[in-house]
Amino acid sequence: MYVPRAFEVADPAWCHAIMRAQSFAIMVTADDAGLPFATHLPLLLDEARGPRGTLRGHVARANPHWRHLASGRPTLAVFAGAHAYVSPSWYATHPSVPTWNYVAVHASGRGHLVEEPVRVKALLADLVRVYESTGPAAWSLDSLPGEYLDGMQRGIVAFEIPIDRLEGKAKLSQNRDAVDRARVAEALAATDDPLARAVAALMAPAPDRPAPPGQ
């Protein structure tokens, strides 16, 4: 993606935090005709595997995306974080124009399928563990009858994508002076929009190195 130097975040830990916090991603791979094929899905990050981490997920067997992954074509996963409209009326400097502040991470690599039933079940268990609520009422994969779970597993295709390239972007008014940045953060924090308030919080620590959500 286009990342001006002022908005570039090269810290893998920052990128990984955004990927964990915004794990419902868009995965894009070229199809057989060379056209982009996209799937919206949750992706788990294994930070310990590979220098930039490895993505794990699954799609329905009826979804042809798994065939595109199996072909070894480059795949892009897009993790979109908090974003908000920025009004020029908030600036002290004029003339100015509207813009948009946001954070995003792009992770690229070549995927491969995970076909061993034990590893597929482990992926499903990890997905449930990450997204299911905690406590005595939390649902468990082990609550399913074995035959039913086996049938459901046959209806999906699991995959992994070792990350070859990791791009972080935090467009948080770093191209404005300190006064304008402070006014933007203050205006965003005062809105009723939770996304706008999240952007304001990201701007607070240091515009050139924002803290990830929840960190």
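Scoring rules and cut-offs
- Here, residues in each chain are numbered from 1, in the same order as that chain's written sequence.
- Only residues with pLDDT of at least 70 are given local features in this predicted model, and only at 80 or more are side-chain atom pairs given and counted; all residues enter the totals for whole chains, interfaces and linings.
- Excluded from the side-chain calculations are hydrogens and water; all other atoms, namely the structure's heavy atoms, are used.
- Secondary structure elements follow DSSP: runs of H or I of four or more residues count as helices, runs of E of two or more count as strands, with numbering from the N terminus.
- Residue exposure (1.4 Å probe, protein chains only): buried if accessible area is under 20% of the type maximum, exposed if over 50%, otherwise partly exposed.
- Whether two residues are in contact is decided by their heavy atoms, any of which lying within 4.5 Å being enough.
- Here the nonpolar core consists of buried residues drawn from Ala, Val, Leu, Ile, Met, Phe, Trp, Tyr and Cys, with membership extended through side-chain atoms lying within 4.5 Å.
- Any pair of Phe, Tyr and Trp rings, taking the six-membered ring for Trp, is counted once the centres come within 6.5 Å. Such a pair is stacked with planes under 30 degrees apart, edge-to-face with planes over 60 apart, and tilted for the rest.
- Ring-over charges, as used throughout, are those where CZ of Arg or NZ of Lys falls within 6 Å of the ring centre and within 35 degrees of the ring normal.
- Only when DSSP finds a minimum of two bridges between them are two strands counted as paired.
- Here the axes come from fitting lines to C-alpha atoms, over the contacting stretch only for helices, and the angles between their N-to-C directions go from 0 to 180 degrees.
- A score between 0 and 100, pLDDT records how confident the predictor is in each residue.
- The definition of a polar contact used here is a pair of N or O atoms within 3.5 Å, where within protein one atom must be able to donate a hydrogen and the other to accept one, and adjacent residues in sequence count solely through side-chain atom pairs.

**Q** Can you help me understand the environment of Asp31 in this one?
**A** Locating Asp31 in the fold gives a position in the loop between strand S2 (24-30) and strand S3 (36-42). What makes Asp31 buried here is its relative accessible area of 18%. Leave out the neighbours within four places in its chain, and Asp31 touches Phe37, His68 and Arg73.

**Q** Sorry if this is basic, but what is going on with unusual backbone geometry here?
**A** Excluding glycine, most residues fall at negative phi; most peptide bonds, likewise, are trans. With an omega dihedral of 0°, the bond running from His94 to Pro95 counts as a cis peptide bond. Tracing the sequence through the fold places Pro95 in the loop between strand S6 (74-86) and strand S7 (99-110). Located in the positive-phi region is Ser173, a residue other than glycine, with phi close to 65°. Within the secondary structure, Ser173 is located in the loop between strand S10 (165-171) and helix H5 (178-189). For Ser173, a relative accessible area of 3% translates into the label buried.

**Q** When you look at the nonpolar core in this model, what are you seeing that I'm missing?
**A** Most often, soluble globular proteins keep nonpolar side chains buried together rather than apart. Of all hydrophobic cores here, the largest spans 39 residues; its most connected members are Met19, Leu55, Phe79 and Phe159. If we ignore the near neighbours within four places in the chain, the residues touching Phe159 are Met27, Leu41, Leu43, Leu55, Arg56, Gly57, His58, Val59, Leu69, His112, Leu113 and Val114. If you look at the next biggest cluster of nonpolar residues, it comprises 10 residues, including Val114, Leu124, Leu149 and Ile156.

**Q** Would you mind showing me how to read the packing of aromatic side chains here?
**A** In the structure shown here, the tally under the stated rule is one aromatic pair. When the centroid spacing of 5.9 Å and the interplanar angle of 65° are considered together, the rings of Tyr85 and Trp100 count as edge-to-face. Taken as a pair, Tyr85 in strand S6 and Trp100 in strand S7 lie far apart in primary sequence, 15 residues in all. Owing to a relative accessible area of 40%, Trp100 belongs among the partly exposed residues under this scheme. Here Arg61 stacks its cationic end above the ring of Trp66, 5.9 Å away from the centre of that ring.

**Q** Sorry, what's going on with the sheet that holds S10 here?
**A** Sheets are built from strands that pair by backbone hydrogen bonding, the pairs being arranged parallel or antiparallel. A sheet is described by the order of its strands in space; here six strands give the open sequence S1-S10-S7-S6-S2-S3, paired in antiparallel fashion. Looking along the sheet, the strands with just one partner apiece sit at the ends: strand S1 (8-9) and S3. Pairing analysis gives seven bridges linking S2 to S3, with the strands arranged antiparallel. The residue of S3 that forms the bridge with Ala25 is Leu41. Along the sheet, helix H6 (residues 194-203) makes contact with S6 and S7, crossing S6 at roughly 95°.

**Q** Help me out: how do you make sense of the sheet that holds strand S4 (residues 44-46) in this one?
**A** With respect to topology, four strands assemble into an open sheet ordered S4-S5-S9-S8, the strand pairing being antiparallel. Edge positions in the sheet fall to S4 and strand S8 (112-114), since each of these pairs with one other strand and no more. Neighbouring strand axes in the sheet, compared pairwise and without regard to direction, differ in orientation by 35° on average. Sheet analysis places S8 next to strand S9 (residues 156-162), joined by three bridges and oriented antiparallel. Directly across from His112, in S9, lies its bridge partner Glu160.

**Q** Which parts of the structure should I look at to understand the pairing of S6?
**A** Regular strands place their side chains on alternate faces of the sheet. Across four bridges, the pairing between S2 and S6 is antiparallel. Among the inter-strand pairings, Met27 is bridged to a residue of S6, identified as Ala77. Pairing analysis gives 11 bridges linking S6 to S7, with the strands arranged antiparallel. Within S7, the residue paired with Ala77 across the bridge is Ala107.

**Q** I would appreciate a short explanation of the confidence of the model for the protein in the present structure.
**A** Across the protein, the average pLDDT comes to 94, with 95% of residues at or above 70. Every residue in residues 207-215 is under pLDDT 50, and counting partners more than four places away or in other chains gives 22 contacts.

**Q** Looking at this structure, how should I read the environment of Glu47?
**A** Residue placement: Glu47 occurs in the loop between S4 and strand S5 (54-60). Filtering out sequence-adjacent residues up to four positions away, Glu47 remains in contact with His16, Arg20 and Gly53. A distance of 2.2 Å separates a polar atom in the side chain of Glu47 from a polar atom in the side chain of Arg20.

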